[in-house]
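Coordinate analysis (summary)
Chain residues, written in single-letter form:
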Amino acid sequence: MGILSMTAAAAVLALGLTACGGDSGQTPAGSTAQPTQKTGKIGVILPDSKSSARWETADRKYLEEAFKAAGVQYDIQNAQNDKTAFQTIADQMMTNGATVLMIVNLDSGTGKTVIDKARSQGVATIDYDRLTLGGNAAYYVSFDNSKVGTLQGEGLVKCLSEKKAEKPIVAYLNGSPTDNNATLFKQGYDGVLKPKFDSGEYVKGPDQAVPEWDNTQAGTIFEQMLTSQPKIAGVLAANDGLGNAAITVLKKNNLNGKVPVTGQDATVQGLQNILAGDQCMTVYKAVKKEADAAAKLAVSLAKGEKPQATGSVKDPETGQNVPAELLEPQAITIDNVKDVVADGYVTKEELCTGDFAAKCTDAGIQ
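Fair warning: this is a prediction, and the values are worked out from it, not measured in the lab. (Residues numbered from 1 in each chain as written. Predicted model: local features only at pLDDT ≥ 70, side-chain atom pairs only at ≥ 80, totals over all residues. Heavy atoms only, no water.)

Quick notes on the state of the cysteines
So the rule is basically this: The definition used for a disulfide is geometric: two cysteine sulfur atoms within 2.5 Å. For each residue, the accessible area found with a 1.4 Å probe, counting protein chains only, is set against the maximum for its type, and the residue is called buried under 20%, exposed over 50%, and partly exposed in between.
Per the counting criterion, the structure on display carries one disulfide. Linked covalently through their sulfurs, C352 and C360 form a disulfide whose S-S length is 2.1 Å. Note on the C352 and C360 pair: the S-S dihedral is about -95°, so by sign convention the disulfide is left-handed. Grouping residues by exposure puts C352 and C360 together as buried.

Focus: the packing of aromatic side chains
Here the distance between the centres and the angle between the planes together describe a pair of aromatic rings. Test applied: In this analysis, rings of Phe, Tyr and Trp, with Trp reduced to its six-membered ring, are considered paired at centre separations within 6.5 Å, and the interplanar angle assigns stacked below 30 degrees, edge-to-face beyond 60, and tilted for intermediate values. Numbered from the N terminus, helices here are DSSP runs of H or I no shorter than four residues, and strands are runs of E no shorter than two.
Applying the stated criterion across every chain, the model contains five aromatic pairs. On the numbers, 5.4 Å between centres and 35° between planes, the contact of F67 with Y74 is tilted. Across the pair, exposure class does not vary: F67 and Y74 are buried alike. Each ring, one from F185 and one from W213, has its centre 6.3 Å from the other, and the planes form 70°; the classification is edge-to-face. With F185 in helix α7 (residues 180-199) and W213 in the loop between β7 (203-209) and α8 (215-228), this residue pair connects regions lying 28 residues apart in the sequence. Taken as a pair, F185 and W213 share a single burial class, namely buried.

Here's the deal with the sheet that holds β7
This is how it is decided: For two strands to be treated as a pair, DSSP must find no fewer than two bridges joining them. Simply put, an axis is a line fit to the C-alpha atoms, just over the touching stretch for a helix, and the angle between two N-to-C directions goes from 0 to 180 degrees. Contacts are residue-level and defined by heavy atoms, with any inter-residue pair within 4.5 Å sufficient.
Spatial strand order, β7-β6-β8: three strands in an open sheet with parallel pairing. Of all strands in the sheet, those with a lone pairing partner are β7 and β8 (232-237), marking the two edges. Put simply, the sheet's adjacent strands are angled 20° from each other on average, direction ignored. Summarising the sheet, strand β6 (residues 169-174) and β8 pair through five bridges and their orientation is parallel. Note that in β8 the partner of A171 across the bridge is V235. Each of β6 and β8 touches helix α6 (residues 145-162); the most contacted strand, β8, lies at about 155° to it. Packed on one face of the sheet, α7 meets β6, β7 and β8 and runs near 165° to β6.

With respect to the sheet that holds strand β2 (residues 74-78)
The strand order β2-β1-β3-β4-β5-β11-β10 describes an open sheet built from seven strands, whose pairing is mixed. Only two strands of the sheet have a single neighbouring strand rather than two, namely β2 and β10 (311-314). Each strand axis lies, on average, 25° off the axis of its neighbour in the sheet, ignoring direction. Direction of pairing for strand β4 (residues 124-128) relative to strand β5 (residues 139-143): parallel, over a ladder of three bridges. Within β5, the residue paired with I126 across the bridge is Y139.

Things to note about the nonpolar core
Our working definition: Buried Ala, Val, Leu, Ile, Met, Phe, Trp, Tyr and Cys residues form a nonpolar core when they are joined through side-chain atoms within 4.5 Å.
By size, the foremost hydrophobic cluster in this structure holds 47 residues, and its most contacted members are I42 and F67. Among the elements that line this core, the one with the most residues is helix α11 (residues 287-302), at ten residues. Contact partners of F67, with chain neighbours within four places excluded, come to I42, V44, V72, Y74, I76, M102, A295, A298 and V299. By size, the runner-up hydrophobic cluster in this structure holds 41 residues, among which are L151, F197, A246 and V249.

Structure below.
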């Protein structure tokens, strides 16, 4: 399940900010390079490496690049979906001198505990990708997550229309109920699909959240959905991992490619499923832009500055506006998979392996 054991959590305590040289942002032995000016340290806590590949393959990489370019000290660690480890890592980062803490919360309760403690110690906080409800972080950096859901809903409608589906039964595989982003995604795709359910054009099928975005549980949940409702004709899956779980079940029943499935994150797996015709769309979030925006804020805060955000979002629990940077997502289908490669998010070498080489050529991937 990717959960850190208490032994691992203890190891985190022992290693502190000096664990993995590249992540610490510290100068290697024998090097004369130093940060260009005196700044505070930046701590980043990623949520896991199982729910989506992006956290380790994209976010970590882009944040590291941005921090190195700015010449600041930093520490990036992954809580591996362990709430105790999440808080332990945060405490250790602050003990070791972090003046800025950027988190992707596992749930709002854990996130709020960390943010409250950071605030009490004068540490600036940034909610990265997921808003911590009731947390009132100093800043929030993410994508327009309602728009992500809207693109998913519109994508599924387009795919069902292309298949000339009549009164299709649509199943929902929603994200984790403890993730505010999952709530926003659902608001977005409900806005597109609910009118079709209400009019009778579509039929509302099973609708279930997947705890902790766990892909294994998603497979079990979808298998039960298909057993109870064998005529499911479309699947609104909230990300590529959940989508692949549904596709795996559909393959067992010779339904892959016949039942449109959505996704999100433009992972290699998701894009390959699109190339194979098993997934109808995904949503590409240019993580480099998100990471760069968050890193820019963090570096500015570490220098003691008070940066201005371009927008804000209202925390539904407190009613307060949180300064925010919100980026635009992009729908990806077979027609524009090449855009994700051209943007450098995935490489042709990663994507176009084995049987996918010819499919990549057909899709215009250079």
